[in-house]
Amino acid sequence: TAKEVKANQVKTTEIEEKTEEDERSLFRLEEKLFHMRKQSKMKMDAVQDRLDIAKEQLLIVEKERREGMARVEAGESEVRALEAQMKAEQVKTEEEIADMIAEYKRLEDAFFKRNEKRMMAVEASI
């Protein structure tokens, strides 16, 4: 009947309008999703860049720390070598002083013995 055809045409029109509206809504959602993905990728790229920079800085800091530790160890080694050298010089100096004192005492004893012989010779000649 004409009434049913008219009702079907109205329903068809409503369905077509609803379909078009749903398609536009879907298109907007897809567009929004595209922009969100694009923003997300940009943010991820920025985070990755910062992470790469942080890793590079960490490598630099670790290298400087290792170099600093090497300088400290080299300095400590030099200090130990200097301390050993100073100790050896101290021992050598103490030995030289002991030798000088021993030589002085030997000379002193020889002088006193010679002086005693002279004094005896002087007394004997008096």
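Above this text is the structure in question.
Residues numbered from 1 in each chain as written. Predicted model: local features only at pLDDT ≥ 70, side-chain atom pairs only at ≥ 80, totals over all residues. Heavy atoms only, no water.

Draft legend 1. Structural view of the overall build of the protein. Helix and strand counts for the protein come out as one helix and zero strands. Principal-axis analysis of the C-alpha atoms places the extent of the protein at approximately 180 × 15 × 15 Å. A buried classification covers 1% of the 126 residues belonging to the protein. Put simply, the protein shows about 12200 Å² of open surface, and 59% of that area lies on carbon and sulfur atoms. Within the protein, the 31 negative side-chain charges are centred at a point lying 2 Å from the centre of the 26 positive side-chain charges. (Helix = DSSP H or I, 4+ residues; strand = E, 2+ residues; numbered from the N terminus. Buried < 20%, exposed > 50% of the residue type's maximum accessible area, 1.4 Å probe, protein only. Areas by Shrake-Rupley, 256 points an atom, 1.4 Å probe, with all protein chains shown as cover. Lys, Arg positive; Asp, Glu negative; His and termini not counted. Charge placed at Lys NZ, Arg CZ, Asp CG, Glu CD.)

Draft legend 2. Expanded view of the pattern of salt bridges. A full pass over the atoms with the stated rule returns four salt bridges. With its nearest N and O atoms 3.5 Å apart, the salt bridge here joins Asp 22 to Lys 18. Here Asp 22 pairs with Lys 18, and both are found in helix H1 (residues 2–125), just four residues apart, close to one helical turn. (Salt bridge = Lys/Arg side-chain N within 4 Å of Asp/Glu carboxyl O.)

Draft legend 3. Seen up close, a negative patch on the surface. A contiguous patch of negative charge on the surface is contributed by Glu 14, Glu 16, Glu 17, Glu 20, Glu 21 and Glu 23. A relative accessible area of 44% means that Glu 21 is categorised as partly exposed. (Patch = residues over 30% accessible without salt bridge, like charges linked within 9 Å, V, L, I, M, F, W, Y side chains within 5 Å.)

Draft legend 4. Quick look at the environment of Ile 101. Within the secondary structure, Ile 101 is located in helix H1. Spatially, the C-alpha atoms of Ile 101 and Ala 2 are 144 Å apart, while their sequence positions differ by 99 residues.

Draft legend 5. Examining the environment of Ser 40 more closely. Along the polypeptide, Ser 40 turns up in helix H1. Separated by 15 residues in sequence, Ser 40 and Ser 25 place their C-alpha atoms 22 Å apart.

Draft legend 6. Layout of the environment of Met 42. Mapped onto the secondary structure, Met 42 falls in helix H1. Given the relative accessible area of 53%, Met 42 is considered exposed. Spatially, the C-alpha atoms of Met 42 and Glu 96 are 80 Å apart, while their sequence positions differ by 54 residues.

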